[in-house]
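Structural features, examined
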Amino acid sequence: MEIKHASGRSRIFFVESSALLRLAIPVWIGQLAFSAAGFVDTLMSGRVGAVDLAGVAMGASTWVPVLFGLNGLLLAVSPMVAQLVGAGRKSEIVDVVHHGLLLAFIMGIIIGLLLQCMQPVLRFMGAPADVIAVTLLYLKGLGLGVPAMAGYLVFKSFSEAMGDTRPQMLISIVGLFCNVALNFLFIYGGFGIPAMGGAGCGWASGLTFWIMFLAMGIYLGRARFYRSLGWLRRPRFRGRLLKDILRLGGPIGLTLFMEASIFGCITLFIGGLGAIAVAGHQVAMNISGLIYTIPLSLATAVTVRVGQAVGRKSIRDAMATAWSGMGLAFLIAGITLTCTLVFRYWLVALYTPDGAVQAMAAGLLVLGALYQLSDAVMTASLGALRGFKDTAVPMRLTFVAYWGVAMPLGYMLGMTDIFLPRMGAAGFWISLITGLTLAACFLLLRLLRVQKKPL
């Protein structure tokens, strides 16, 4: 009997893992393409000059945490649509998409306008005047495209929740090529457009956002599968549904913003430890960020599969997906951990020829490899909880883990001699391992609690 039971569980894991990977792999490729656009901006602006590179870096540092928060807010569309699909209530999907688009354009316009008003903040941070000029021009162009990016995120969540993840992958790849071509145009000028230097990357990104939004809209408008839902019909706006999206997406947005901002704050603290520490930290963080796209993509697939199972009122299927997703994430993390440890010197050599920076980055990657296990479990757990539409409590739990434990511990280990002789950048990375492990434990316990509640 036990062998049969084990065999049954193995079969369920195999079936669920296959379904999750079919959804997650296109999402992952799309995320890599989107991340590559930021790498291209850095590379091309750096060839113009140090001032342009610094201006683009400051602009990106301002935009990325905001993008994380905006993405989280609009990510609410995914579990809402997934549950409606599972429940067979497809006629209600259209209203969720329309209200998501309304919220997207409202938030996109507000954020776009705020990005035009960053000069006092940049001056307060003490940035040089020439760098500020580049950053402001960069943000001005990028801000014009924020409403389009917000709308694209809604379309992306919509198609993913329907189990259709390939369109966003293809459009992200097209967007990458468009971004490169437009970078050349806006950086160096041509066709009546003046040369803007590194700041042109912001204008290229803003225009690329509109291309991606229109491409996704055209696909959804022409595909028979989506047209059958009637999502192109005249919207019927209701305040209650808009509140539901805000109530569900607000905590997701804050959770992602907290995660992005804690890494930013740690970078600021490490900035006082010298150029070698900063450079080594940045290289290690960039490599870890690329690896993080794997569990993040898998979490998207877990949200969709759990949401659809919850819509069917099948707690058994929902938890089968949740545990399979965590098992698969843990298995993949074991592989990426091993690869990181084995190839860490080769990886850091791709970024810099400086021996001291390589040694610092390689040492930090040992710690970065260790937190991949906790990160995988935490991210998969968050994905499952979103599928249950449980977002408020996970937000509070991650806040305690990140800002209540990891941040103070990192400061004490990295910058003071309270517990041990100050450890510098390594102290902050040890605190990240602690915070992520604690968050993973919190979220696992929360998932066990949620599964006992009536659907």
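Quick caveat: nothing in here was measured; it's all calculated off a predicted structure.

So, on to the overall build of the protein. Along its length, the protein carries 16 helices and 0 strands. Its C-alpha atoms give the protein a radius of gyration of 22 Å, near enough to 23 Å, the size a compact globule of 455 residues would have. Overall size of the protein, expressed as C-alpha extent along the three principal axes, is 60 × 55 × 35 Å. Put simply, of all contacts in the protein between residues at least 6 apart along the chain, 82% involve residues at least 24 apart. About 20200 Å² of surface is accessible on the protein, with carbon and sulfur atoms providing 70% of the total. Averaging the locations of the 34 positively and 16 negatively charged side chains of the protein gives two centres separated by 11 Å.

Moving on: helix α7 (residues 146-161). Between its first and last C-alpha, α7 extends 23 Å over 16 residues, near the 22 Å set by a 1.5 Å rise per residue. Counting buried residues along α7, 16 of its 16 residues qualify, which places the element largely inside the surrounding structure. Directly beyond the C-terminal end of α7, a positive phi value near 85 degrees is found at Gly-163.

Moving on, we get to the nonpolar core. Across soluble globular proteins, nonpolar side chains have a tendency to be buried as a group. Formed by 62 residues in total, the largest nonpolar core has its most connected members in Trp-63, Val-81 and Phe-158. At 10 residues, α7 tops the list of elements feeding residues into this core.

As a packed pair, helix α3 (residues 77-87) and α7 sit with axes 8 Å apart at the nearest point and diverge in direction by 30 degrees. As summarised for this structure, α3 and α7 are arranged roughly parallel, according to the angle between their axes. The crossing of α3 and α7 is right-handed. Two secondary-structure elements touch here, α3 through Val-77, Ser-78, Val-81, Ala-82 and Val-85 and α7 through Val-154, Ser-157, Phe-158 and Ala-161. Split into classes, the residues belonging to the contact of α3 with α7 amount to 7 nonpolar, 2 polar and no charged.

Another aspect to go through is the environment of Lys-313. Turning to its location among the elements, Lys-313 is positioned in the loop between α12 (275-311) and α13 (315-349). For Lys-313, a relative accessible area of 60% gives the class exposed. Along the sequence, Lys-313 and Phe-263 sit 50 residues apart, while their C-alpha atoms lie 38 Å from each other.

Running from amino to carboxyl end, helix α14 (residues 355-387) crosses helix α16 (residues 425-450) at an angle of 25 degrees, the nearest separation of the two axes being 8 Å. The angle between α14 and α16 places the two elements in the roughly parallel class. Here α14 runs over α16; the crossing is left-handed.

This brings us to the packing of aromatic side chains. Within this structure, the stated rule accounts for 9 aromatic pairs. Plain terms: the ring middles of Phe-105 and Phe-213 are 5.8 Å apart, the flat faces sit at 90 degrees to each other, and that makes the pair edge-to-face. Taken together, the positions of Phe-105 in helix α4 (residues 93-115) and Phe-213 in helix α9 (residues 200-222) put the pair 108 residues apart, joining distant regions of the chain. Overall, the relative accessible area of 29% leaves Phe-105 in the partly exposed class. Look at Phe-213 and you get buried, because its relative accessible area is 11%.

A word on the side chain of Thr-336. Tracing the sequence through the fold places Thr-336 in helix α13. Thr-336 sits in the buried class, given a relative accessible area of 15%. In contact with Thr-336, not counting residues within four places along its chain, are Ile-291, Ile-294 and Gln-372.

Moving on, we come to the confidence of the model for the protein. For the protein, the mean per-residue pLDDT works out to 85, and 95% of the residues sit at or above 70. The low-confidence segment residues 1-6 (pLDDT under 50) makes 0 contacts with residues lying over four places distant or belonging to another chain.

The next point concerns unusual backbone geometry. One non-glycine residue with positive phi stands out, namely Lys-313, at about 65 degrees. The backbone phi angle of Lys-389 is positive, close to 65 degrees, even though this residue is not glycine. Structurally, the position occupied by Lys-389 is in the loop between α14 and α15 (392-415).

For the rest of this paragraph, the subject is the state of the cysteines. By the definition in use, this model includes 0 disulfides. Sulfur of Cys-201: no disulfide; nearest cysteine sulfur belongs to Cys-178 and is 15 Å away.

For the rest of this paragraph, the subject is the pattern of salt bridges. Inspection of the entire model under this criterion finds 9 salt bridges. The partner of Arg-236 in a salt bridge is Asp-95, with the nearest N and O atoms 3.5 Å apart. In this pair, Arg-236 is assigned in the loop between α10 (224-227) and α11 (239-270) and Asp-95 in helix α4, connecting sequence segments 141 residues apart. Classification of Arg-236 by relative accessible area gives partly exposed; the value is 48%. When salt bridges with common partners are traced through the structure, they connect Asp-95, Arg-236 and Arg-238 into a single cluster.

Parameters at a glance
- Residues numbered from 1 in each chain as written.
- Predicted model: local features only at pLDDT ≥ 70, side-chain atom pairs only at ≥ 80, totals over all residues.
- Heavy atoms only, no water.
- Helix = DSSP H or I, 4+ residues; strand = E, 2+ residues; numbered from the N terminus.
- Rg over C-alpha atoms; globule rule 2.2 N^0.38 Å.
- Contact = heavy atoms within 4.5 Å.
- Areas by Shrake-Rupley, 256 points an atom, 1.4 Å probe, with all protein chains shown as cover.
- Lys, Arg positive; Asp, Glu negative; His and termini not counted.
- Charge placed at Lys NZ, Arg CZ, Asp CG, Glu CD.
- Expected span 1.5 Å × (residues − 1).
- Buried < 20%, exposed > 50% of the residue type's maximum accessible area, 1.4 Å probe, protein only.
- Core = buried A, V, L, I, M, F, W, Y, C linked by side-chain atoms within 4.5 Å.
- Axes fitted to C-alpha atoms, helices over the stretch in contact; angles between N-to-C directions.
- Parallel < 35°, antiparallel > 145°, perpendicular 65-115°, else oblique.
- Left-handed = near helix turned anticlockwise from the far one by under 90°.
- Nonpolar A, V, L, I, M, F, W, Y, C, P; charged D, E, K, R; others polar.
- Phe/Tyr/Trp six-rings, centres within 6.5 Å; stacked < 30°, edge-to-face > 60°.
- pLDDT = per-residue confidence, 0-100.
- Disulfide = S-S within 2.5 Å.
- Salt bridge = Lys/Arg side-chain N within 4 Å of Asp/Glu carboxyl O.

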